[in-house]
Amino acid sequence: QVQLVESGGGLVQAGGSLRLSCAAAGRTLIDVAMGWFRQAPGKEREFVAGISWSGETTEYTDSAKGRFTISRDNAKNTVYLQMNSLKPEDTAVYYCAADLSSYWPSGQARRYDYWGQGTQVTVSS
């Protein structure tokens, strides 16, 4: 069993930055891929970024490229999402997820086995 707990969300003005954290308990994440997803009201959950077990491979949705950076600290069993130049359309609940069956990140939510409870990010214009 894996417990994932996100933190770092909040209210920020457009152009600002936030750093989300996802701390894991119950199992080491050193050998699994991790992802960040988000879900805005009335919309489907969408992939934002993913990172391989070693941190060497990262994937981003087009809207996140150049603005967001995913990273991990396996010693702390924690994954991060640094979000810069935030826009109102980034407003959503952000979730981290663990894919225990792969070293490499996937953009497909169904591939992930465990999910956090989510953290709200609100970007005002």
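Everything below is about the structure shown above.
Quick caveat, the model's predicted, so the values are computed rather than measured.

How each quantity is defined
- Residues numbered from 1 in each chain as written.
- Predicted model: local features only at pLDDT ≥ 70, side-chain atom pairs only at ≥ 80, totals over all residues.
- Heavy atoms only, no water.
- Helix = DSSP H or I, 4+ residues; strand = E, 2+ residues; numbered from the N terminus.
- Rg over C-alpha atoms; globule rule 2.2 N^0.38 Å.
- Buried < 20%, exposed > 50% of the residue type's maximum accessible area, 1.4 Å probe, protein only.
- Contact = heavy atoms within 4.5 Å.
- Areas by Shrake-Rupley, 256 points an atom, 1.4 Å probe, with all protein chains shown as cover.
- Lys, Arg positive; Asp, Glu negative; His and termini not counted.
- Charge placed at Lys NZ, Arg CZ, Asp CG, Glu CD.
- Phe/Tyr/Trp six-rings, centres within 6.5 Å; stacked < 30°, edge-to-face > 60°.
- Lys NZ or Arg CZ within 6 Å of the ring centre and 35° of its normal.
- Pairing = 2+ DSSP bridges.
- Axes fitted to C-alpha atoms, helices over the stretch in contact; angles between N-to-C directions.

Draft legend 1. View of the overall build of the chain. For the chain, the helix and strand inventory stands at 0 helices and 11 strands. Traced from its N-terminal end to its C-terminal end, the chain shows the element sequence β-β-β-β-β-β-β-β-β-β-β. Taken over C-alpha atoms, the radius of gyration comes to 13 Å for the chain, in line with the 14 Å a tight globule of 125 residues would show. Once the C-alpha set of the chain is aligned to its principal axes, its extents read approximately 40 × 25 × 25 Å. Burial analysis of the chain (125 residues in total) assigns 44% to the buried set. Counted over contacts in the chain with a minimum sequence separation of 6, partners at least 24 positions apart contribute 59%. Per element, the accessible surface of the chain, about 6,200 Å² overall, is 47% carbon and sulfur. Computing the positive centroid from 12 side-chain charges and the negative centroid from 12, the chain places the two 2 Å apart.

Draft legend 2. Layout of the packing of aromatic side chains. What the rule picks out here adds up to 6 aromatic pairs. Taken together, the aromatic side chains of Phe 37, Phe 47, Tyr 112 and Trp 115 make up a single cluster linked through ring pairs. Looking at Arg 45, its charged tip hangs above the ring of Trp 115, at a distance of 4.7 Å from the centre.

Draft legend 3. Structural view of the sheet that holds strand E8 (residues 78-83). Sheet architecture is open: 4 strands sit in the order E1-E3-E8-E7, paired in antiparallel fashion. Both outer strands of the open sheet, strand E1 (3-7) and strand E7 (68-73), are each paired with one neighbouring strand and no more. When strand polarity is set aside, the average angle formed by the axes of neighbouring strands in this sheet is 15°.

Draft legend 4. Structural view of the pairing of E8. For E8, the tally of buried residues reaches 5 of 6 residues, placing the bulk of the element in the interior. Relative to E8, strand E3 (residues 18-25) runs antiparallel, the two being bridged by 6 bridges. Pairing of Cys 22 across the sheet is with Val 79, part of E8. Pairing between E7 and E8: 6 bridges, direction antiparallel. Bridge pairing in E8 places Ile 70 opposite Leu 81. Connecting E7 to the antiparallel partner E8 that follows it, the hairpin turn spans 4 residues, and Asn 77 within it adopts a positive phi of roughly 55°.

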